[in-house]
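Chains, contacts and geometry: an overview
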Amino acid sequence: MEGWNKISSSLNSINFAQAGTKFTKGFSSSVQATRERLGQVSPDEITELPQEYKDLEARVDALRAAHLSMLKITKVYESESYDYPVQIQESISELSSSIGYNITSFAASNLKGTNLPVAAPSAPPASQHKTLPHALTRAAHAATTAVTSTAAGDSDKLGKALNLYASGWDKVAAARLDQDTSIQENFLHPWQTTLNSSLAVAIKARQAVRVSRLELDAAKQSLKNASPAKQEQARLEVENAEDDLVQKTEVAITLMKTVLENPEPIKNLNELVKAQLMYFSIAAEALSSVQGEIEELSVAAEGEYRKSRDH
C-alpha cells in the first residue's frame, strides 16, 4: 500500500496536459515529416524559411564538410607509425619480447623462497620510435657498424658516408616528433573541438528549427480541417507555432553566424602549415648538410677507383 501511495503521489505531480501536448506535437510533426517525404504535401503548404537562414545553413554544411575532410587525413598525425615500413613485423616481435619479459618477471617475484628454479629476470624490451626517419637512422647506424667492423675500419669511405647519413636522419627524426606534437596540440584538437562544440550546437539549433517548422505546418493542417467549434483553438496553436518558429530561427541564425565568423579554424590551419614547414625546413637543412659531405666522399672514392684502374 505504501508503495502504491508513492506511485500515486508521483503520478499526481505530472502535468498530463503539458505532457499530452508535447506528445501530440511530436506525433503531428512526425506525421507531417512523413507526408512531406512521401510527396503528399504540396510545396505551397510548406512554410518557407528566410533566405538568409537557408544561405547560412548551406555555409555551415560546407564548413562542417571542410572540417571532416581535413580531419579524415590529418588524424594520421595522432599515430606515430603512419609512415613506418615494418610496423606489423616489429610489433609482433615486441609483443613476444614483452610477454617473455612479463612471464620472467612474474616468476622471479612469485617463486622466490620456493624450491622451484627461478630464471634470472631479463631486461625489459627497449622501446623504439616507429617512424620512417627513426627507422632510416637505425638502419644507417647498423650498416655503419657492419662496414666499420671490417679490417678497413673507420677509414672506409662508405662507413663514413653511412654515419653521416645516420646523423642527418637523426635530426630529421627529432623534428618529425616535434611536428606531430605541434599538429596534435595546435590543429587537430582545436578543429575537433570546433566540430564537436560550436558546429554541433549550430546544427542542433537547426534541427530545432526543422521540428518547429513541421509543428507549424501540422498546426496549419489541423486548422484547415478543424470543426467550427475547434477553429479558435486551432488558430491559437498556429499563432503559437509561428512565434516559436520565428524565435528558433533567430537563435539558429545567430549561432550559425557566430560559427562562420569564428577566425579559429584559419588560425589552426596556419599552425598546421607552420609545423609542417618547420619539419621540412629542418629536414632540408640536415640532409643538405650531410649530402655535401657525402658527395665529397663520393668524388674522392671515384677518384681513387679510377686511379687504381689506371695502374
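Residues numbered from 1 in each chain as written. Predicted model: local features only at pLDDT ≥ 70, side-chain atom pairs only at ≥ 80, totals over all residues. Heavy atoms only, no water.

**Topic: the overall build of the protein**
For clarity, the cut-off: Note on conventions: DSSP H or I runs of at least 4 residues are helices, E runs of at least 2 residues are strands, and numbering of each starts at the N terminus. Remark: exposure states derive from per-residue accessible area (1.4 Å probe, protein chains only) relative to the maximum for the residue type, with buried under 20%, exposed over 50%, and partly exposed in between. Each accessible area value is a Shrake-Rupley result obtained with a 1.4 Å probe; residue values ignore everything except the protein chains displayed when judging cover.
Helix and strand content of the protein: nine helices and zero strands. Starting at the N terminus and ending at the C terminus, the protein contains elements arranged as α-α-α-α-α-α-α-α-α. Burial status across the protein gives 26% buried among its 311 residues. Split by element, the accessible area of the protein, about 20,200 Å² in all, is 58% carbon and sulfur.

**Points about the packing of aromatic side chains**
To keep it simple, the criterion reads: The pairing test for Phe, Tyr and Trp rings, Trp by its six-membered ring, is centres within 6.5 Å, and the orientation test on the planes gives stacked under 30 degrees, edge-to-face over 60, and tilted for anything in between.
Going through the model one piece at a time under the given rule, you end up with four aromatic pairs. When the centroid spacing of 5.4 Å and the interplanar angle of 75° are considered together, the rings of Tyr-77 and Tyr-82 count as edge-to-face. Tyr-77 sits in the buried class, given a relative accessible area of 13%.

**Some points on the confidence of the model for the protein**
As a reminder, the rule being used: Predictor confidence is given residue by residue as pLDDT, running from a minimum of 0 to a maximum of 100. Should any heavy atoms of two residues lie within 4.5 Å, those residues are counted as being in contact.
Summing up the model confidence of the protein, the mean pLDDT is 83 and the portion of residues at 70 or higher is 77%. Ranking the helices and strands of the protein by mean pLDDT puts helix α3 (residues 51–74) first, with 97, and helix α1 (residues 2–12) last, with 41. pLDDT under 50 marks residues 92–101. Its contacts with residues more than four places away, or in other chains, come to seven contacts.

**Focus on the nonpolar core**
Cut-off, in case you're wondering: Take the buried Ala, Val, Leu, Ile, Met, Phe, Trp, Tyr and Cys residues and link them wherever side-chain atoms come within 4.5 Å; each set so joined is a nonpolar core.
If you look at the biggest cluster of nonpolar residues, it comprises 29 residues, and the most contacted ones within it are Tyr-53, Ile-183 and Met-256. For this core, the element with the highest residue contribution is helix α8 (residues 231–261), accounting for eight residues. Discounting residues that sit within four places of it in the chain, Tyr-53 has contacts with Arg-206, Val-209, Thr-249, Ala-252, Ile-253 and Met-256. Trp-169, Tyr-279, Ala-283 and Ala-286 belong to the second-largest nonpolar core, a separate cluster that totals six residues.

**Notes on the packing of helix α7 (residues 198–225) against α8**
Short version of the rule: All axes here are fitted lines through C-alpha atoms, helices being fitted over the stretch that makes contact, and every angle between N-to-C directions spans 0 to 180 degrees. Any angle that is under 35 degrees is reported as roughly parallel, and any over 145 degrees as roughly antiparallel; angles of 65 to 115 degrees are reported as roughly perpendicular and all others as oblique. In this scheme the handedness of a crossing depends on how the near helix is turned from the far one: anticlockwise by less than a right angle means left-handed, clockwise means right-handed. Classification convention: Asp, Glu, Lys, Arg as charged; Ala, Val, Leu, Ile, Met, Phe, Trp, Tyr, Cys, Pro as nonpolar; all other residues, Gly among them, as polar.
One way to put it is that α7 packs onto α8 with a least axis distance of 8 Å and a crossing angle of 160°. Classified by the angle their axes make, α7 and α8 are roughly antiparallel. In the crossing of α7 with α8, the sense of the turn from one axis to the other is left-handed. Considering only residue class, the contact of α7 with α8 consists of 17 nonpolar, four polar and nine charged.

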